[in-house]
Amino acid sequence: MTDKTITETLADIVTQHLPTATRTRDGETIAQGYARTIIHADVAAEKWLGFSNELPALEDLSRALRDVRRAFNSLSLHTKLSFQRLGYEALIELMVRAELAEESVSARIRSERSVPVAGAKRNWRAAAVADACRTVWAAEDWHSRVTGTSLEWASGGVNALAAFSDPARMEVCRVYYEWIRSMAPEHDKADAPGPFGRFLEDVTCPGIFPPDAIRVRPNLRTDNEANEIHGRTDHRHPGRA
C-alpha cells in the first residue's frame with residue numbers, strides 16, 4: 001500500500017469504531033489525523049515509547065565524520081585546490097558541512113545517553129502501534145465526555161497554547177494530557193476482545209501493515225506466533241480491554 005492508501009484505510013477503520021471522528025478540523029477529518037498518529041508510531045517504534053537503541057550507530061557516525069575530516073585536513077593545500085580546479089566543489093562543501101554535522105551528532109549522542117535502551121526481544125512496532133491506538137481511543141473518549149460542556153474548547157488540546165494566560169484553562173489542559181497519557185480502555189469480559197480490542201484487531205490486520213511488521217492479538221495466547229516469530233511484549237496488553 002502507498003502511504004496515502006494506508007492513511008485512508010486507517011481513517012476508515014477509525015471512523016468505523018469511532019464515528020464521531022468524522023468531524024473536521026483544518027480541512028481534514030479527525031480520523032485522518034488519528035491515522036497519521038498510528039502510522040507515525042509504527043515508524044517511530046521504540047522511540048514512540050521513550051526507548052532507543054541508536055547510540056552505537058550514532059557513535060559510529062560520529063567517528064566516521066571525524067575520520068573523514070581528519071583525512072581531508074591531512075591533504076596538502078595543492079591537492080585541496082586541485083579539487084576546486086577539477087570542479088569538485090561539492091567535496092569542499094561536504095567537508096565544511098561535515099564539521100557542523102559532527103557537532104549535531106555529538107549533541108544527539110549526549111541526549112541519547114539519557115534514553116533507556118530498547119531491548120532486542122520486544123516487538124516495539126507492535127507495542128508502539130497498540131499504544132497509539134490507545135492514545136487515539138483516549139482522545140476520542142475525552143471528546144465524547146466534554147462535548148456540549150464548558151470544557152469542549154479543550155477537546156483535542158487544540159487551544160492549549162491559548163490557555164497559558166488562564167490558570168484554570170491550564171489546569172484543564174494538564175488534566176487532558178494526563179488523560180491521554182494514562183487512560184486505559186476497560187471491558188468487563190476477560191475471554192473476548194471488547195470495543196477497543198476489536199479496533200486494535202482491525203488496525204493491525206494483515207494488509208494494512210507489512211505481514212512481518214506487527215500482528216497484535218487482543219485475545220492473547222491463541223497460538224505461539226508472537227513468541228516464536230516476534231518475541232512477546234512484556235507489558236499489559238491494551239487489547240485485553
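Since the structure is predicted, the reported quantities are computational estimates derived from the model, not experimental observations.

### Quick notes on the confidence of the model for the protein
Link 1 in the chain: Here the protein averages 78 in pLDDT, and 72% of its residues register 70 or above.
Link 2 in the chain: The low-confidence segment residues 213-241, where pLDDT is below 50, has 64 contacts with residues more than four positions distant or belonging to other chains.

### Thoughts on the packing of aromatic side chains
Link 1 in the chain: Under the criterion given, the structure shown has four aromatic pairs.
Link 2 in the chain: Each ring, one from W137 and one from F196, has its centre 5.5 Å from the other, and the planes form 75 degrees; the classification is edge-to-face. Here W137, found in helix α6 (residues 124-146), pairs with F196, found in helix α8 (residues 195-203); they are 59 residues apart in sequence, far enough to count as distant. We note that W137, like F196, is buried.
Link 3 in the chain: Seen from their ring centres, W137 and F199 are 5.5 Å apart, and the 35 degrees between their planes marks the pair as tilted. Here F199 lies in helix α8 and W137 lies in helix α6, a separation of 62 residues in the sequence. There is no split in this pair, since W137 and F199 are both buried.

### Comments concerning the pattern of salt bridges
Link 1 in the chain: Applying the stated rule across the entire model yields 16 salt bridges.
Link 2 in the chain: R108 is the partner of E112 in a salt bridge, and the nearest nitrogen-oxygen pair spans 3.2 Å. One end of the pair, E112, and the other, R108, are both in helix α5 (residues 89-112), four residues apart, so they sit about a helical turn from each other.
Link 3 in the chain: With a closest N to O distance of 2.7 Å, E178 and R181 form a salt bridge. With E178 and R181 both in helix α7 (residues 167-182), this residue pair falls three residues apart, about one helical turn.
Link 4 in the chain: Take R181: its relative accessible area is 56%, and that puts it in the exposed class.
Link 5 in the chain: Residues joined in a network through salt bridges with shared partners are K47, E54, R108 and E112.

### A look at the packing of helix α2 (residues 30-44) against α6
Link 1 in the chain: Interaxial distance between α2 and α6 falls to 8 Å at its minimum, and their mutual angle equals 155 degrees. Relative to α6, the element α2 lies roughly antiparallel. Taken as a pair, α2 and α6 cross one another with a handedness that is right-handed. Of the residues in α6, those in contact with I30, Y34, T37, I38, A41 and D42 of α2 are R125, A128, V129, A132, C133, V136, A139 and E140.

### Topic: the nonpolar core
Link 1 in the chain: In this structure, I38, C133, F199 and V203 are the most contacted members of the largest nonpolar core, which totals 33 residues.
Link 2 in the chain: Secondary-structure elements contributing two or more residues to this core are α1 (3-17), α2, α6, α7 and α8.
Link 3 in the chain: For this core, the leading source of residues is α6, giving eleven residues.

### Observations concerning unusual backbone geometry
Link 1 in the chain: The backbone of D26 sits at a positive phi, close to 55 degrees, despite the residue not being glycine.
Link 2 in the chain: Although it is not a glycine, A45 adopts a positive phi angle of roughly 50 degrees.
Link 3 in the chain: With respect to the helices, strands and loops of the structure, A45 is situated in the loop between α2 and α3 (55-73).

### Looking at α5
Link 1 in the chain: Spanning 24 residues, α5 covers 34 Å between terminal C-alpha atoms, matching the ideal 34 Å at 1.5 Å per step.
Link 2 in the chain: The largest bend in α5 comes to about 30 degrees, at A98.
Link 3 in the chain: For α5, the set of buried residues is M95, A98, E102, V105, I109 and E112.
Link 4 in the chain: Against the buried residues of α5 lie α3.

Conventions and cut-offs
- Residues numbered from 1 in each chain as written.
- Predicted model: local features only at pLDDT ≥ 70, side-chain atom pairs only at ≥ 80, totals over all residues.
- Heavy atoms only, no water.
- pLDDT = per-residue confidence, 0-100.
- Contact = heavy atoms within 4.5 Å.
- Phe/Tyr/Trp six-rings, centres within 6.5 Å; stacked < 30°, edge-to-face > 60°.
- Helix = DSSP H or I, 4+ residues; strand = E, 2+ residues; numbered from the N terminus.
- Buried < 20%, exposed > 50% of the residue type's maximum accessible area, 1.4 Å probe, protein only.
- Salt bridge = Lys/Arg side-chain N within 4 Å of Asp/Glu carboxyl O.
- Axes fitted to C-alpha atoms, helices over the stretch in contact; angles between N-to-C directions.
- Parallel < 35°, antiparallel > 145°, perpendicular 65-115°, else oblique.
- Left-handed = near helix turned anticlockwise from the far one by under 90°.
- Core = buried A, V, L, I, M, F, W, Y, C linked by side-chain atoms within 4.5 Å.
- Expected span 1.5 Å × (residues − 1).
- Bend = angle between axes of the 7 residues up to and from the residue.

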